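Tertiary structure, described
For reference, the chains in residue letters:
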Amino acid sequence: MSNLKVAVQKSGRLSEDSLKLFKECGIKFNNGAKKLKAQSSNFPIEFLFLRDDDIPGYVEDGIADIGIVGQNVQDEYQKEVDVVKHLGFSKCRLSLAVPREVDYSGIQYFEGKNLATSYPTILKNYLKDQGVNAEVHMISGSVEIAPGIGLAEGICDIVSSGSTLLSNGLKEVETVMKSEAVMVAYKQMSDDKKALLDQLIFRINSVLEGKNNKYVLLNAPNASLDRIIDLLPGMRSPTVLPLAQEGWSSIHSVINEDDFWGNIEKLREAGAEGILVVPIEKMIQ
Ligand code: ATP
Ligand code: MG
C-alpha cells in the first residue's frame, strides 16, 4: 500500500507538538536531527520535514498528501487545499500594534499610514473590510523593529503572550485573526490514501477528545445521588457503585475541561467528597 506523505515543520513552533500528536496516535518513527524524511515503522506514513511557508504549496500540488500549518499561513497563501482538522495547539493571534506612546483611538488611526507585516494578504483583506486605506509593506522577519527604525507606523504580527511587543516598546491594538495549527489535505487524494487519512483522523479525534475530558471518581451519600447524576451525564451515564460503608456510593464519570472548576464546585455543593480527577489518554465515543 502507498504511504500517506505528511508535511510537518522542520524546526519551529509547530514541530514539537505536531510530532507529539503523531506519537500520541501510536505512530512510531525515528526523526534524527537534520533528517529531511522519516518513515513510520507501524503505520503507512512518511514524514517530510519542511519550512512551514512551503507546506500549503506542497499539499496543493500533491507532493505531500497532508500537512500541518498555522491557520495564519494557510490564510496568507490561500492554496487550494482542504482544511480537514483543527488541532488545538500553536494557538496565537495576528494583531495590529503601534508604539506604546501612541494615543490610539480606533482602526481609523491607520488611514494613510505605513504598516509592516509578514502577512500582507491577510492584512490587506482586513483593512479592506474595515474600510481603511493604508500602505502595507511585506517584510519576512523581525517585523517588530519596523516602527523603531522608521519603516512603518504600525505592524501586524503574531502575538501569543504579548511579551515580544512589550520588549519592543509596542502595544497591541486590534486582533486581525485568531490562529491554531490545522491539518490541510490534498484535494485529489486516491481512495487508498483517503482511507488512511480517515484512520489517522479517527485516532487524532480520540486523542483530542481525551485531552478535552477528565475521568472523575467521587463519593457521595445515596441521598445526593440524583443531584450528582444530573451534574455528571458522562459518556452514556455515570457508573454508580456501592461503598463498603452503608448509605454511600462511589460515582465514576467523564467531565469536560470547559468550566471544569465550576462543575467541581457544583458537585461539592451537591454533597460529593473524595473527588479524584484522572487524565484520559484516548476517548472513543
Ligand atoms: P519556518 O522556518 O518553518 O518558516 P517560521 O519562523 O515561519 O518557521 P514559527 O515561528 O516556527 O515560523 O511559527 C510557526 C507557526 O506557529 C506560526 O505560523 C503560527 O501559526 C504559530 N506561532 C508562531 N508564534 C507563536 C507563538 N508565540 N505562540 C503560539 N503559536 C505561534
Ligand atoms: Mg515560516
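Our structure is the block above this text.
The following paragraphs examine the structure supplied in this document. (Residues numbered from 1 in each chain as written. Chains lettered and ligands numbered in written order. Predicted model: local features only at pLDDT ≥ 70, side-chain atom pairs only at ≥ 80, totals over all residues. Heavy atoms only, no water.)

Let us now look at helix 1 (residues 15-24). Within the sequence span of helix 1, burial applies to Ser15, Ser18, Leu19, Leu21 and Phe22. Taken around the axis of helix 1, the buried residues stretch over an arc of 150°, which confines them to a single face. Considering only its buried residues, helix 1 is in contact with strand 1 (4-9), strand 3 (45-50), strand 4 (66-70), strand 11 (181-185) and helix 6 (191-212). In the segment just after helix 1, glycine 26 is the residue with positive phi, at about 80°. (Buried < 20%, exposed > 50% of the residue type's maximum accessible area, 1.4 Å probe, protein only. Helix = DSSP H or I, 4+ residues; strand = E, 2+ residues; numbered from the N terminus. Arc of directions from axis to C-beta. Contact = heavy atoms within 4.5 Å.)

The next subject is the coordination of the magnesium ion (ligand 2). Taken together, Asp52 (OD) and Asp53 (OD) make up the full set of protein donors to the magnesium ion (ligand 2), lying 2.0 to 2.1 Å away. Since its relative accessible area comes to 26%, aspartate 53 is described here as partly exposed. (Donors = N, O, S within 2.8 Å, 3.2 Å for Na, K, Ca; no water.)

Take the site of ligand 1 next. Around ligand 1 there are 16 residues in total, and Arg13, Arg51, Asp52, Asp53 and Asn72 lie nearest to it. A distance of 2.8 Å separates an oxygen atom of ligand 1 from a polar side-chain atom of aspartate 52. Relative to its free-state accessible area of 640 Å², ligand 1 is covered by the protein chains to the extent of 76%. Its atoms largely coinciding with the cavity grid, ligand 1 occupies the largest pocket. (Near = heavy atom within 4 Å. Polar contact = N/O pair within 3.5 Å; in protein donor to acceptor, adjacent residues only side chain to side chain. Areas by Shrake-Rupley, 256 points an atom, 1.4 Å probe, with all protein chains shown as cover. 1 Å grid on protein atoms, 1.4 Å probe; cavity = no way out; pocket = protein on both sides within 12 Å on 5 of 7 lines; lining within 4 Å. Sits in = over half its atoms within 2 Å of the grid points.)

To continue, consider helix 4 (residues 120-130). All of the buried residues in helix 4 are Pro120, Ile122, Leu123, Tyr126 and Leu127. Looking straight down helix 4, one finds that the buried residues subtend no more than 160° of arc, so they occupy a single side. Across from the buried face of helix 4, at angles greater than 90 degrees, the exposed residues are Lys128 and Asp129. Packing partners of the buried residues in helix 4 comprise helix 3 (71-77), strand 6 (92-99), strand 7 (114-117), strand 8 (135-138), strand 9 (154-159) and strand 10 (170-179). A positive phi of about 70° marks glycine 131, the residue just after helix 4.

The next subject is unusual backbone geometry. Look at serine 142: it is not a glycine, yet its phi comes out positive at around 45°. Residue classification places serine 142 among the partly exposed positions, given a relative accessible area of 48%. A positive phi angle is found at aspartate 259, which is not glycine, with a value near 50°. Looking at the element boundaries, aspartate 259 is found in the loop between strand 14 (248-256) and helix 8 (260-269).

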